[in-house]
Structures are given as C-alpha cells and as structure tokens.
Amino acid sequence: MLKPHKHLLEVAPYQRADLSGPPGKELIQLAQNESSKPPCTAALKAYRKACHDIQLYPETHFQDLQIAIAEVHGLDADQIHCGSGSMELISVLTQAYLGPAYSAVTSEYSYMFFRTCAQIADASVKIAPETDLAVDVDALLNAVQDNTRIVFVVNPGNPTGSYIQKAELVQLRDALPDNVLLIVDEAYAEYVSEAEYEPVFNLVKRGNVVVLRTFSKIYGLAGQRIAWGCFPPEVVEMFRRIQIPGNIPGSALAMAQAAVRDQVYVRKLRIESAKLRASFSLSLAEVGVETCPSQTNFVLVRFTDSAEVKSARIALYQEGIIVRPMEDYGLPHCLRISLGTEPQMQFVADTLKRWKGESRKQEVQ
Ligand SMILES: Cc1ncc(COP(=O)(O)O)c(C=O)c1O
C-alpha cells in the first residue's frame, strides 16, 4: 500500500470548531473569531465587478494590492507578499525553514496551527511558558537551542487576547541568533485600541523578521482566504519559488485592495469592537464571571474549573450559542467567546447571568 512519510501519520487531521447547535434554535456562532460585520461597501462592489472575470486565472503578482498595502502602511511594495490566508503563509514559512534536524519555539498559548505546520515539516517544537497569560520574551529565549530556526509569536495573542509591546519584540530579535527567523503573527492587530501598541514592520528591515497580517478578521474577508505579510527580500523570493502560483482568486485580490484603502471603516470597527469588548466584560464581571483583558475581537472567559466550564457551555448551547472550549490550549477552565453583534453579546451576558443564578441556587440547596 502507498504510504506517506512516516512522521505525517502522527499529524492529527485539522479539527474545525464544533459549530453544531440544538435543533430548532437559531445559531449564534461565536467560536471562530470571525468579524460580525460585513466588509466595507467598496470591497463588496469590487467583488461584484471581479465576478465578470471569473473564467480567467487570477494574477500571480498582485502588484495593485501590494501597492495599496504599502501606501496605507508606509512600507515598500516589494516587502509585501500575499497568501491564501495567514495559514498558507505560516505553512510555506515552516516548509522553507524547518525540517527534521530543526526545532521551532513558540509560547504556551500561541496559535495551534503553527505547531501543526512544524510537525508536518518533521521539526520539533519547544514551548515557552507564558506569564499571566502573556508572551514572556525571556522564556522564549530560554527555549531557543542551537537547532532552532523559527520563533513564532502571536501579538496580540490568540486565545489570550493579551499583547506585548514593541520594545519587548525588539529585545527578543536582538537576543536571537542570526540564523533564527522571528515570525510575528499580527492577525488581530487592527483591533488593538491601546495607544501604546506600535506596529513592528520596521523590524523587518533588520533582517530575519516577518510580520503577518490577515484580511480574515477586521476586514471581514475570512471566506475569501487572503492575508499578507511584510518580508525581507530573500523571504519574498522564497515564496515565489514554492508557493502555488495563482492560488488567490481575483475576487479576493480585488476585495482586499478596496478594503485596505478604507481605513475609515477599519477605525470605526476598531472603536466599536473596543466598546463592545469593554461592555461585555463589564456585564460578565457584574455577575461574577471573570474575563481576561483583551485587545482583539474575542474574550477569554475564566471559570473556576472545567466542571464549571462544562455547565456554562451547556447553558449557552441550549440557547444556540456556540463558543470555543480551550482544553486543547491547556486552558480547561476557560471558554473563548468571539465578539458578535451588540444584541448577541447582550444575549450571551444575560444567559450567563441566568446560569450563574441557577448555579448559586443549586449551591444553596
Ligand atoms: C493568530 C492567528 N493567526 C492566523 C490565523 C489564520 O488566519 P487566516 O484566516 O488569515 O488564515 C488565525 C485565525 O483564527 C489566528 O487566530
């Protein structure tokens, strides 16, 4: 029988979040950190126009999108490269720079898909502990070994929602050996409302740093599968060699270009999300449910233990509310809840309030 490489048999098939709900209930899906808002009007218009060219292969060099991203972020167009979601960019980076002899380092609660990609590349992964659910640069540096080729940091973090400051990333890059690539995955950067948070694109020019951004989150284009990164020239060159050409549809390129140019809409969504995040966390605090401070479009909710999580999750499920359990991340006492619309978040808060009331009654009995 035909057999794949032996190490690939150890890779677990990708598990999508369980999005099923109780029969007859309208689902409120808050498990995948998608945007609850549509893309901007210009992007929707660009989509309709792109449909006229659907019989043609898409562009392979996406120059117009590179220029748009570069102009908006003050970067050089030739530093920009795009992929079919950041998942593809991460996958290609691990293919290129990891292998059986190498290891990668990431922090305790970082994005799981990175570990899968390292495993596919047959590399080992060292996990650095976090401090107070935030990336700890010293711990990352302690985990680096002679055979380490990638250090992967998600900032702000998924599932924690916490962030570290630019100075810490500079300190990390300065202390890493030259043959280690630092990947900074900023999938949620556009949601950050803290004034002290600074972009780190200018680290890329120092070499051995890449910064990843996606159109799947604030831009509302998760279904179009498009992301971009800021890369040193040799990394862009590597992408051109091994990425499947033309794998981003023309509609995605056109929508992304229109979306990135509409920063007024991005700012509006950032402000609205920050308000909703704060009011949702406050509503939960008022009924004695703790949330971790977040700078993203989701909130990590902390319960006493996994039994309490199970009970809260059932109460939410019965109302058709689907959230993300966190055992896989080593946080069995937590649930991650993506921000939906304002009425949806009010409904989630009300449901947890009722659940908390019921739990208290049962304790007394
Ligand atoms: C930290 C992080 N990176 C990357 C991704 C994947 O994004 P994309 O849709 O661009 O592949 C996600 C998706 O949830 C994420 O949370």
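Predicted model only: the values in this text are computed from it and were never measured.

Q: Tell me about the packing of aromatic side chains, and name the residues and values.
A: On inspection of all chains with the given rule, the structure shows eight aromatic pairs. Their ring planes at 50 degrees and their centres at 4.9 Å tell us that phenylalanine 215 and tyrosine 219 sit as a pair that is tilted. Neither phenylalanine 215 nor tyrosine 219 differs from the other in exposure class; each is buried. Sitting above the plane of the phenylalanine 298 ring, arginine 336 keeps its charged end 5.7 Å from the centroid.

Q: Account for the domain arrangement of the protein chain, naming residues and giving values.
A: Size of an interface, as often reported, equals the accessible area lost when the parts are brought together. According to the domain assignment, the protein chain contains domain 1 (6–38 + 264–364) and domain 2 (41–261). Between the C-alpha centres of domain 1 and domain 2 there is a distance of 25 Å. Facing 31 residues of domain 1, the contacting portion of domain 2 comprises 32 residues. Here domain 1 meets domain 2 over a buried area of about 2,500 Å², counting both sides, of which 63% is carbon and sulfur.

Q: Any chance you could break down the packing of helix α3 (residues 85–97) against helix α4 (residues 112–120) for me, citing the residues and the numbers?
A: One can describe the packing of α3 onto α4 by two numbers: an axis separation of 9 Å at closest approach and a directional angle of 35 degrees. Judged by the sense of rotation from one axis to the other, the crossing of α3 with α4 is right-handed. Mapping the contact onto sequence places Met87, Ile90, Ser91 and Thr94 in α3 and Phe113, Phe114, Cys117 and Ala118 in α4. Taken together, the residues of the contact of α3 with α4 sort by class into six nonpolar, two polar and no charged.

Q: Lay out the site of the ligand in plain terms, naming residues and giving numbers.
A: Not every one of the 14 residues close to the ligand is listed here, only the nearest: Ser86, Asp185, Tyr188, Thr214 and Ser216. Serine 216 has a polar side-chain atom sitting 2.6 Å from an oxygen atom of the ligand. One of the side-chain nitrogen or oxygen atoms of arginine 225 is found 2.8 Å away from an oxygen atom of the ligand. Summarising the interface, the protein chains cover 93% of the accessible area of the ligand, which totals 400 Å² for the free molecule. No other element matches α3, which puts three residues into the shell around the ligand. When the residues that make up the shell around the ligand are grouped by side-chain class, the tally is six nonpolar, five polar and three charged.

Q: For the pattern of salt bridges, give the residues involved together with the corresponding values.
A: Counted according to the given criterion, the structure contains twelve salt bridges. A salt bridge links aspartate 76 to lysine 205; its shortest N-O distance comes to 3.0 Å. Note that aspartate 76 is positioned in the loop between α2 (63–73) and β2 (80–83) and lysine 205 in the loop between β6 (181–185) and β7 (209–214), a separation of 129 residues in sequence. Using a relative accessible area of 35% as the deciding quantity, one classes aspartate 76 as partly exposed.

Rules used throughout
- Residues numbered from 1 in each chain as written.
- Predicted model: local features only at pLDDT ≥ 70, side-chain atom pairs only at ≥ 80, totals over all residues.
- Heavy atoms only, no water.
- Phe/Tyr/Trp six-rings, centres within 6.5 Å; stacked < 30°, edge-to-face > 60°.
- Buried < 20%, exposed > 50% of the residue type's maximum accessible area, 1.4 Å probe, protein only.
- Lys NZ or Arg CZ within 6 Å of the ring centre and 35° of its normal.
- Domains from an automatic or database assignment.
- Contact = heavy atoms within 4.5 Å.
- Buried area = accessible area lost by both parts, 1.4 Å probe.
- Axes fitted to C-alpha atoms, helices over the stretch in contact; angles between N-to-C directions.
- Helix = DSSP H or I, 4+ residues; strand = E, 2+ residues; numbered from the N terminus.
- Left-handed = near helix turned anticlockwise from the far one by under 90°.
- Nonpolar A, V, L, I, M, F, W, Y, C, P; charged D, E, K, R; others polar.
- Near = heavy atom within 4 Å.
- Polar contact = N/O pair within 3.5 Å; in protein donor to acceptor, adjacent residues only side chain to side chain.
- Areas by Shrake-Rupley, 256 points an atom, 1.4 Å probe, with all protein chains shown as cover.
- Salt bridge = Lys/Arg side-chain N within 4 Å of Asp/Glu carboxyl O.

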